[in-house]
Amino acid sequence: MKFGLVSDIHGNLPALEEVLDEFERRHIGTIICCGDIIGYGPWPNECAMLVRDRKMIAVRGNHDTLIVGDSEIEEFSSNARKAGLWTRDQLLPETREFLASLPLPTQFENFAITHASFRDPLWEYIFDRRVAYHNFHVLETEIGFFGHSHIPTIFQWNGGDVLGGQIVDDFELLCEPSERYLINPGSVGQPRDGDWRASCMIVAAQNGAWQVQIRRLEYSVEETREEM
Ligand code: ZN
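Keep in mind the model is a prediction, meaning the values are calculated, not measured.

How each quantity is defined
- Residues numbered from 1 in each chain as written.
- Predicted model: local features only at pLDDT ≥ 70, side-chain atom pairs only at ≥ 80, totals over all residues.
- Heavy atoms only, no water.
- Helix = DSSP H or I, 4+ residues; strand = E, 2+ residues; numbered from the N terminus.
- Contact = heavy atoms within 4.5 Å.
- Buried < 20%, exposed > 50% of the residue type's maximum accessible area, 1.4 Å probe, protein only.
- Disulfide = S-S within 2.5 Å.
- Pairing = 2+ DSSP bridges.
- Axes fitted to C-alpha atoms, helices over the stretch in contact; angles between N-to-C directions.

S.K.: So what's going on with the environment of Ile-32? Residues and values would help.
M.R.: Note that Ile-32 resides in strand β2 (residues 30–33). Sequence separation of Ile-32 and Glu-97 is 65 residues, and the distance between their C-alpha atoms is 19 Å. Setting aside residues no more than four positions away along its own chain, Ile-32 makes contact with Phe-3, Gly-4, Leu-5, Val-6, Ile-57, Phe-111 and Ile-113.

S.K.: Just give me the short version of the side chain of Glu-124, but keep the residues and values in it.
M.R.: You can see Glu-124 is positioned in the loop between β5 (111–113) and α6 (129–138). Residue Glu-124 is classed as buried on the basis of its relative accessible area, which comes to 15%. Beyond its immediate chain neighbours, meaning those up to four positions away, Glu-124 contacts Ala-116, Ser-117, Arg-119, Val-131, Asn-135 and His-148.

S.K.: Help me get a handle on the state of the cysteines, residues and values and all.
M.R.: Under the defined criterion, the tally for this structure stands at zero disulfides. With no disulfide of its own, Cys-175 has Cys-34 as its nearest cysteine by sulfur position, at a separation of 15 Å.

S.K.: Break down the pairing of strand β7 (residues 153–157) for me, citing the residues and quoting the values.
M.R.: Of all five residues in β7, five are buried; the element is thus mostly enclosed. Residue alternation in β7 divides its side chains into two sets, Thr-153, Phe-155 and Trp-157 and Ile-154 and Gln-156, and both sets are buried. Summarising the sheet, β7 and strand β10 (residues 180–184) pair through five bridges and their orientation is antiparallel. Opposite Gln-156, over in β10, you have Tyr-181 as the bridge partner.

S.K.: Before we move on, can you summarise the sheet that holds strand β8 (residues 163–166) with the specific residues and values?
M.R.: The sheet built from six strands is open, its strands ordered β4-β5-β6-β10-β7-β8 with mixed pairing. Whereas interior strands pair on both sides, the edge strands pair on one side only; in this sheet they are β4 (106–107) and β8. Note that β5 and strand β6 (residues 143–145) share three bridges and pair parallel. Counted as the bridge partner of Ile-113 is Phe-145 from β6. Here α6 sits on the sheet in contact with β7, β8 and β10, set at roughly 60° to β7.

And the structure:
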């Protein structure tokens, strides 16, 4: 099993296209998306339709939920609120319908996906080891994939202290079978770790061993800036 992992696309089409090209070069067909497909970026419909048409396995983020109307706009910071209201006006009926159809946390045989955290699927940030620790107790699988913080992160735990944290640059990890992991691929469309490049991950499982690779990809950021 091998799949691409993305999160927090946020309507940034050039960044998403670059990530999809990378997955194609690596012959990856299955893609998992940890939510926030729209919000902030200028191409909400295009990004949502790409996620739909590529048949990504996706969960709904807080921005996606806002558009569907289930989330309170007051919860957002003022910039996110402004962008959110603009985005809401742009959405085509099929985008709305697609976003509304997305589930919250989803569990598979040996991994689970959520947007924010496993305790609170829409709002809690897993920035530090303390919050990761609490989430390991809620997670029922070996590995949990999440987004929301826009920072590539790997935490690991085997019952003692939680280890790990933010990941810088391209990075490869061979997971220990005795450990459990909480993994964030970073943000495709709006990284918040000071590195402007789109962030994504390639995950492979062979004979029960997980291999995780983070990729940072350059794209035409000027195009996005101009359109914003
Ligand atoms: Zn986000």
